[in-house]
Every structure is written in C-alpha cells, then in structure tokens.
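Now for the letters of each chain:
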Amino acid sequence: MSDPNTTTPYQNQSATKAGDPQNVNEITAAMANFETEALAKCQADLAELQTKSAELADQYLRAKAEAENARRRADDEISKARKFAVEGFADSLLPVIDSLEAGLSIKDATLEHIREGSQATLRQLVAALDRNKVVAINPAAGEKFDPHLHQAISMVPSDQEANTVVTVLQKGYLIADRILRPALVTVAAPK
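What counts and what doesn't
- Counting of residues starts from 1 at the beginning of each chain's written sequence and follows it residue by residue.
- It should be noted that, the model being predicted, local features are given only for residues of pLDDT at least 70 and side-chain atom pairs only at 80 or more, the latter also being counted only at that level, while totals for whole chains, interfaces and linings use all residues.
- The side-chain values count all of the structure's non-hydrogen atoms but skip hydrogen atoms and water molecules.
- In this analysis, axes come from line fits to C-alpha atoms, helices being fitted only over the stretch in contact, and the angle between any two N-to-C directions falls in the range 0 to 180 degrees.
- Helical segments are the DSSP runs of H or I of at least four residues, strand segments are the runs of E of at least two, and each set is numbered from the N terminus.
- Reported orientations rely on four angle classes, namely roughly parallel under 35 degrees, roughly antiparallel over 145, roughly perpendicular from 65 to 115, and oblique for the rest.
- Pairs of residues are marked as contacts when any of their non-hydrogen atoms sit within 4.5 Å.
- Note that Gly is not counted as nonpolar here; it falls among the polar residues with everything else outside the nonpolar set of Ala, Val, Leu, Ile, Met, Phe, Trp, Tyr, Cys and Pro and the charged set of Asp, Glu, Lys and Arg.
- Accessible area is worked out with a 1.4 Å probe on protein chains only. A residue is then buried under 20% of its type maximum, exposed over 50%, and partly exposed in between.
- Confidence of the prediction at every residue is given by pLDDT, a number between 0 and 100.

**Q** Quick question: what am I supposed to make of the packing of helix H3 (residues 87–105) against helix H4 (residues 111–131) here?
**A** The geometry of a pair of packed helices is captured by two quantities: the angle between their axes and the separation between those axes. Following both chains from N to C, one finds H3 and H4 inclined at 180 degrees, their axes separated by 9 Å at the closest point. It follows from the interaxial angle that H3 and H4 lie roughly antiparallel. On H4, the residues touching Phe-89, Ser-92, Leu-93, Pro-95, Val-96, Ser-99 and Leu-100 of H3 are Thr-121, Gln-124, Leu-125, Ala-128, Leu-129 and Arg-131. Residues belonging to the contact of H3 with H4 are distributed by class as follows: 8 nonpolar, 4 polar and 1 charged.

**Q** Teacher, can you tell me more about the environment of His-113 here?
**A** Within the secondary structure, His-113 is located in helix H4. As a C-alpha pair, His-113 and Leu-94 span 19 residues in sequence and 21 Å in three-dimensional space.

**Q** So what exactly am I meant to see when it comes to unusual backbone geometry here?
**A** Keep in mind that most residues, glycine aside, have a negative phi and that most peptide bonds are trans. Backbone geometry at Asn-163 places phi at a positive 60 degrees, although glycine is not the residue there. In this model, Ala-176 sits at a positive phi of 50 degrees, which is unusual for a non-glycine residue. Here Ala-176 shows up in the loop between strand S4 (172–175) and strand S5 (178–181). You can call Ala-176 exposed: its relative accessible area is 55%.

**Q** Is there a simple way to explain the confidence of the model for the protein in this structure?
**A** Detailed reading of predicted coordinates is not advised where the pLDDT is low. In this model, the protein carries an average pLDDT of 88, and 90% of its residues clear a pLDDT of 70 or more. Taken together, the stretch residues 8–16 has pLDDT below 50 and engages in 1 contact with residues farther than four places along the chain or on a different chain.

Structure follows, in structure tokens:
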C-alpha cells in the first residue's frame, strides 16, 4: 500500500508546475494578453459598427430629405395643375367671347345678321369644346338606352323596340370619358 504522504514523481512535478510562481506569471500574462486582444477586437468591431451606423443614418437622412423634396415638388405641380388646368380651355373660349361682343356691338343688325353671327359663334364654341375633349352625347332615335350616358325622363308608347331612345330632350356631354351631364331622353315603353 502506498503512503498518502508520499507522492509520485509525476504528482510532485504537477504540483510544482502549478504552484510555480513562474507558471502563474505566464498564465496571468497569457490571460491578460488574451483579454487585451479580445478587448481590441471588440473595440475594432464596435468602431466598424459605429461607422456603418453613421453611414446608414446619413443614407436614411438623405433618403428622407429626397422623399420630402419629391413630395413637395409633386404638391407644387399638383397645385399648379389645378390652378392652371382651365387655362387652355379658357383660351379656346376667348374667340367665342370676342364674337359675342362683336355681335352685340352692332346697333342696326338685321335678324339675318344676328342669326348668321349666332351660328358662327356656335361653331366656334363647338370647336373649342372639341379641342378640349368635351363631346356631345346625342343618341339617335332607336339607339339602345344606356343608363351611364342617358337619363330617362319618361317612357312613351312607341313602335320602336322597348328600352330604346325615342327623342332627345337635351344633349349630354362627356369630358375625357367622364360624364359632365347625361342626355335627357324619352324611352320606348315595353309593348
């Protein structure tokens, strides 16, 4: 049996190495070196992340400013479009006003002159409306009734097929495929 107070050469060597002040200093120095390297790596990573964060913050602010400027420009353009939307339309109506004023300034105009002047002015007005895409809705008799374009005032007995236009009481108008006013019509009643 072995004596507990006796140590083997191996055990003695381990105890000596572990308790050796030189080994403790080496371990302490190695740990300090590891901590320094880890700290330096963390600081480098932190600096890199801070740089990336600053770049992203700058990009965000620039993008936000650009979006705000684009929104402001769009608002200005919309405002100008609303403000001047009727400019072309009004410009095309000025000759009509001139013709009406010229006709009214003639003191001794005959009925025939007034009629001719009115017809010429009407042609000018229709041309101005056409240039601005204002189109008349004037269905022919017998045309199928369309509730999107026509407004039925009454149903009347007729030889025509049911639900067809019999007469137009008032023209309707479209502007760029949008109804300004439906045509007022009478419709053939079912037989």
